[in-house]
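# Residue-level structural notes
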Amino acid sequence: MQAVRRPALSERAPLAPTLSPVPSGAKGSRIDRLERLTDLVLVLLNTRIPLSLRELADAVPGYPPEGEARRQAFERDKRTLRDQGIAVATEAIDGPEQVGYRIRPDDFYLPDLRLEPDEQAALNVAVAEVHLGDPSGRDALWRLGIPSSRPLAPVADVPSLPGLATLFEAVRSRAGVEFGYRGERRRLDPALLRFRQGWWYLVGFDRAREAARTFRVDRIEAPVTAGAAGSASVPEGFDAESALPDEPWKIGEDEPRPVHVAVDALEGPRVVQALGESSVSERRPDGSVVVELQVTNERALLSWALALGAHAEVLDPPEVRAAMVEWLRGFDR
Amino acid sequence: MSEPQRDAGARLERLLAVLTWLAQRDRVPLADLAERFAISPEQLVGDLELAACCGLPPYTPDRLMEIIVGEETVEAQLGPELGRPRRLSAQEGFALAAAARASAAAHGQGGPGAQGGRHGPEDSSPLERALAKLEAALGGHTAVGVELGEPAHLHTVRDAISSGSQLRIDYLSAWRDARSVRVVDPLRLAAYGGNWYLDAWCRTAGGTRRFRVDRILGAEPTGERSQHADGDELSKLSELAEGPFVPGPEATLVRIAISGDHAWLVDAVPVIETSPMPDGRTEVTLGVVSTVWLERLLLQLGPRTEVLGPPELRDLGRDAARRVLERYTPP
């Protein structure tokens, strides 16, 4: 078959501002919804000026005749496009219908990434070898036109949570967010989304408290809503990084206080390896150690100690030791 | 012939992706395209033929997308516009950025939020450069960071894998609550959730074992080459299922009943099955090889978590709590 170079779709004459209706036989009577949607996307993308609903229905086969059914069909199509991340812009126009629609190229296309082949390959490998439990990474590669491989044996398995995409978008576009947390509605100017020690954390500026706050994303309660891009403002010199705690017992609303935990000779070395030498407040002759932890979340501290079983003992302060005893006694009731 | 309304959006998305791909190439084998986009060849041909009827008004042949579906290949003349990369949705942007950051972390490249290589952009790996460009396009700053942790002996293990060296490790086993020295041929490192795992051929045990790197208390090369580093064992590894732990046939199935605020369990721990109970609790089935592990889990979950079976494990939590309580009770 001879390859004939025909002008690209976009090189052909642009749509005239007023369109004559498509001849009724041009496409036949049965239009698959996918076909209507595809034509709609092409028409909306290729128009220089916004098109009214009437002009669109004339240009895109498959819409019901003028009336409520047509309007509803169009609204459904707009929703479908929006669900796929295709934004249909609504703009004021002259004429009886007053509003027109189009897809703005900036909303549809990414600025040219100019990825070199080795950079494309690296992204491909990343998506294939990191298991997120979510296929959107591969979809992203497709959108970018990068070949995608089969999933590889995982080099990292990182959980994906509902709400992460919304939070990511909010951090990226500097939008304020609102969500439920431990039964309260919270407002945050988000600054950082980080996976650390097996959990996703969100760090931001809490305007009501005028301070940095950290949240465990798996504890965030729906609905998560984001404001307009740019609606968040994080104070000058805000250091989100330092608000990200090293240990789970440092994420909390309690007043920070030192807690001492004794760990025996078997588990001691591993605990010190994980927390660092600076956490050690005493080394005992029998090989056990006492570590000092700065705690703002008592529950997290107790949970950590319990994971060590009988190898660890909370020494002080008395109320934390008592809380541990209370917890353990609960098993006997 | 037409699929239900609710799938039209997903089909559109896939069709646009196929068209973007086609617009960048002259001719593509159908089988290839079908596999790449996870669609049956029949469905692909159907959608391509539909697309060949799409274009701009008045939909005369010169205004339609030019797609010629042959026996084994498809050829398209779609022009550069359709081949341009499209704006990513929030979910896609997140998934790509998170995967790239996690991959960088897994290979010891860049910090969790770092831009550029250790010594400057010229020094960056292809992944780091790709990340920089991606993040510039997405808004100019790093919106997501991934840290996989750096247990004390990670670098020693990683170096041993890349140099094919045998290691002697001092390992604190979680299963048996005991410490032992083992000689291993390291095969592969992987990070599951917040922990690093080493799959290695263990000479002491005479088989492939999985070790948690943060439980390695000491590691040094023995001076010998790893004997299992290539070939058989490595390919057998892909049979080792994904996830930190998969109970083998020797595992005991343990059923526990948990309440609402322990929903995190299902994601944090390898769960075989869950099912709702009439009283509002959830029954969770776990594969358990180590009672030590189960004990610790029960201690953390608390007294209201009930072991439903097997019967000999019903008092495991209570007995463990009593043992810990002995440390708090004066003799």
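Residues numbered from 1 in each chain as written. Chains lettered and ligands numbered in written order. Predicted model: local features only at pLDDT ≥ 70, side-chain atom pairs only at ≥ 80, totals over all residues.

## Here's the deal with the overall build of chain A
Secondary structure assignment for chain A yields 11 helices and 13 strands. Compactness check: chain A gives a C-alpha radius of gyration of 29 Å against a globular reference of 20 Å for 333 residues, more than 25% above the reference. Within the span of chain A, comprising 333 residues, buried residues form 37% of the whole. Across chain A, contacts joining residues at least 24 apart in sequence account for 59% of those joining residues at least 6 apart. (Helix = DSSP H or I, 4+ residues; strand = E, 2+ residues; numbered from the N terminus. Rg over C-alpha atoms; globule rule 2.2 N^0.38 Å. Buried ≥ 20, exposed ≤ 12 C-beta atoms within 10 Å, placed from the backbone. Contact = placed C-beta atoms within 7 Å.)

## A closer look at the overall build of chain B
Scanning chain B from terminus to terminus reveals 11 helices and 13 strands. For chain B, the residues scored as buried account for 36% of the 331 residues in total.

## Overview of the confidence of the model for chain B
Low pLDDT marks stretches whose predicted atomic positions should not be read closely. Residue and element names in this part refer to chain B. Averaged over all residues, the pLDDT of chain B equals 83, while 85% of them reach at least 70. When the elements of chain B are averaged for pLDDT, helix α8 (residues 232-237) gives the smallest value, 60, and strand β9 (residues 216-225) the largest, 95. Confidence drops under a pLDDT of 50 for residues 1-6, and excluding neighbours within four residues, the segment shows six contacts in the predicted structure. Contacts of residues 114-120 to residues separated by more than four positions or lying in other chains number 10 contacts, the stretch itself having pLDDT below 50. Predicted as a complex, the structure gets a pTM of 0.78 and an ipTM equal to 0.77. (pLDDT = per-residue confidence, 0-100.)

## Focus: the nonpolar core
Among the nonpolar cores identified, the biggest contains 127 residues, and Leu96, Ala98, Ala99, Ala100 and Ala102 of chain B are the most heavily contacted of them. The greatest single-element share of this core, amounting to 11 residues, is contributed by helix α5 (residues 90-106) of chain B. Val295 and Phe331 of chain A together with Leu286 and Ala321 of chain B belong to the second-largest nonpolar core, a separate cluster that totals 33 residues. (Core = buried A, V, L, I, M, F, W, Y, C linked by C-beta atoms within 7 Å.)

## Quick word on the packing of helix α10 (residues 298-306) of chain A against helix α11 (residues 318-329) of chain A
Residues and elements named next belong to chain A. For the pair α10 and α11, interaxial distance at closest approach is 11 Å and the crossing angle is 60 degrees. For the element pair α10 / α11, the angle class is oblique. Crossing hand, α10 versus α11: right-handed. Here α10 contributes Glu298, Leu302 and Ala305 to the contact with α11, which in turn contributes Val320, Ala323, Met324 and Trp327. When grouped by side-chain class, the residues that make up the contact of α10 with α11 number six nonpolar, no polar and one charged. (Axes fitted to C-alpha atoms, helices over the stretch in contact; angles between N-to-C directions. Parallel < 35°, antiparallel > 145°, perpendicular 65-115°, else oblique. Left-handed = near helix turned anticlockwise from the far one by under 90°. Nonpolar A, V, L, I, M, F, W, Y, C, P; charged D, E, K, R; others polar.)

## Some words on the environment of arginine 322 of chain B
Residues and elements named next belong to chain B. In this structure, arginine 322 sits in helix α11 (residues 316-325). Given 16 C-beta atoms within 10 Å, arginine 322 falls into the partly exposed group. Taking the C-alpha atoms as reference points, arginine 322 and valine 45, separated by 277 residues in sequence, lie 67 Å from one another.

## Here's the deal with the interface of chain B and chain A
Across the boundary between the two partners, chain B contributes 101 residues, which contact 101 residues of chain A. When residues in the side of chain B that touches chain A are grouped by element, the largest group, 13 residues, is from α5 of chain B. Residue composition of the side of chain B that touches chain A, grouped by class: 54 nonpolar, 24 polar and 23 charged. Where strand β6 (residues 184-196) of chain A and strand β4 (residues 144-146) of chain B come together, three bridges link them in parallel fashion. Bridged to phenylalanine 195 of chain A within β4 of chain B is valine 146 of chain B. (Pairing = 2+ DSSP bridges.)

## Points about helix α3 (residues 41-51) of chain B
Those residues of α3 of chain B lying buried are Leu44, Asp47, Leu48 and Ala51 of chain B. Down the axis of α3 of chain B, the sector holding all buried residues measures 100 degrees, keeping them to one side. Facing away from the buried side of α3 of chain B by more than 90 degrees, the exposed set consists of Glu42 and Glu49 of chain B. Buried positions along α3 of chain B lie against α1 (33-46) of chain A together with α1 (8-23), α2 (30-36), β2 (66-69) and β3 (73-77) of chain B. (Arc of directions from axis to C-beta.)

## Some words on the pairing of strand β12 (residues 289-295) of chain A
A regular strand places its side chains so that they alternate between the two faces of the sheet. All names here are of chain A. One ladder, built from seven bridges, connects strand β10 (residues 257-263) with β12; its direction is antiparallel. By the bridge assignment for β12, alanine 262 is matched with valine 290. In terms of strand pairing, strand β11 (residues 280-283) meets β12 through three bridges, oriented antiparallel. When the bridges of β12 are listed, glutamate 282 appears paired with valine 290.

## Observations regarding the sheet that holds strand β13 (residues 312-316) of chain A
All names here are of chain A. Strands sit in the order β11-β12-β10-β13 across an open sheet of four strands; the sheet is antiparallel. On the outer flanks of this sheet lie β11 and β13, each paired with one strand and no other. Taking the axes of each pair of neighbouring strands and ignoring which way they run, one obtains an average angle of 25 degrees across the sheet. Set on the sheet, helix α9 (residues 268-275) makes contact with β10, β11 and β12; between it and β12 the angle comes to about 40 degrees. Along the sheet, α11 makes contact with β10 and β13, crossing β13 at roughly 140 degrees.

## Details of the sheet that holds strand β1 (residues 27-29) of chain B
Residues and elements named next belong to chain B. A sheet is described by the order of its strands in space; here three strands give the open sequence β1-β3-β2, paired in antiparallel fashion. Across the chains shown, the open sheet's two edge strands, defined by having one partner strand only, are β1 and β2. Going from strand to strand, the sheet's axes swing by 20 degrees on average, the running direction of each strand aside. As paired strands, β1 and β3 are joined by three bridges and run antiparallel to one another. Bridging across to β3, valine 28 finds its partner in valine 74. Packed onto the sheet, α3 meets β2 and β3 and runs at close to 145 degrees relative to β2.

## Brief notes about helix α7 (residues 164-173) of chain A
Structurally, the α-helix is built with 3.6 residues per turn, so residues lying three or four positions apart point the same way. Residues and elements named next belong to chain A. Across the 10 residues of α7, nine count as buried, placing the element largely inside the fold. Within the span of α7, buried status applies to Leu164, Ala165, Thr166, Leu167, Phe168, Glu169, Ala170, Val171 and Arg172. Among the residues trailing α7, arginine 174 stands out with phi positive, at a value near 55 degrees.

## A word on the pairing of β2 of chain B
Residue and element names in this part refer to chain B. Where β2 meets β3, four bridges bridge the pair, whose relative direction is antiparallel. Counted as the bridge partner of isoleucine 67 is alanine 76 from β3. Taken together, β2 and the strand that follows it, β3, pair antiparallel across an intervening segment of three residues.

## What about the domain arrangement of chain B?
Domain assignment breaks chain B into domain 1 (5-83), domain 2 (90-138), domain 3 (154-237) and domain 4 (252-325). One C-alpha centre belongs to domain 1 of chain B, the other to domain 3 of chain B, and the line joining them spans 48 Å. (Domains from an automatic or database assignment.)

## Things to note about the packing of helix α5 (residues 117-129) of chain A against helix α6 (residues 136-144) of chain A
Residues and elements named next belong to chain A. For the pair α5 and α6, interaxial distance at closest approach is 9 Å and the crossing angle is 160 degrees. Classed by the angle they form, the pair α5 and α6 counts as roughly antiparallel. Remark: the crossing between α5 and α6 carries left-handed chirality. From α5, Leu123, Asn124 and Val127 reach across to α6, where they touch Gly137, Arg138 and Leu141.

## Quick word on the confidence of the model for chain A
Per-residue confidence for chain A gives a mean pLDDT of 86, with 91% of residues at or over 70. Across residues 1-6 of chain A, where pLDDT falls below 50, the model places four contacts with residues more than four positions away in sequence or in other chains.

## Overview of the environment of arginine 270 of chain A
By secondary structure assignment, the location of arginine 270 of chain A is in helix α9. On the basis of neighbour counts, which here come to 21 C-beta atoms within 10 Å, the residue arginine 270 of chain A falls in the buried class. Every residue in contact with arginine 270 of chain A, bar those within four places of it in the chain, is listed here: Leu172, Arg215 and Leu217 of chain B.

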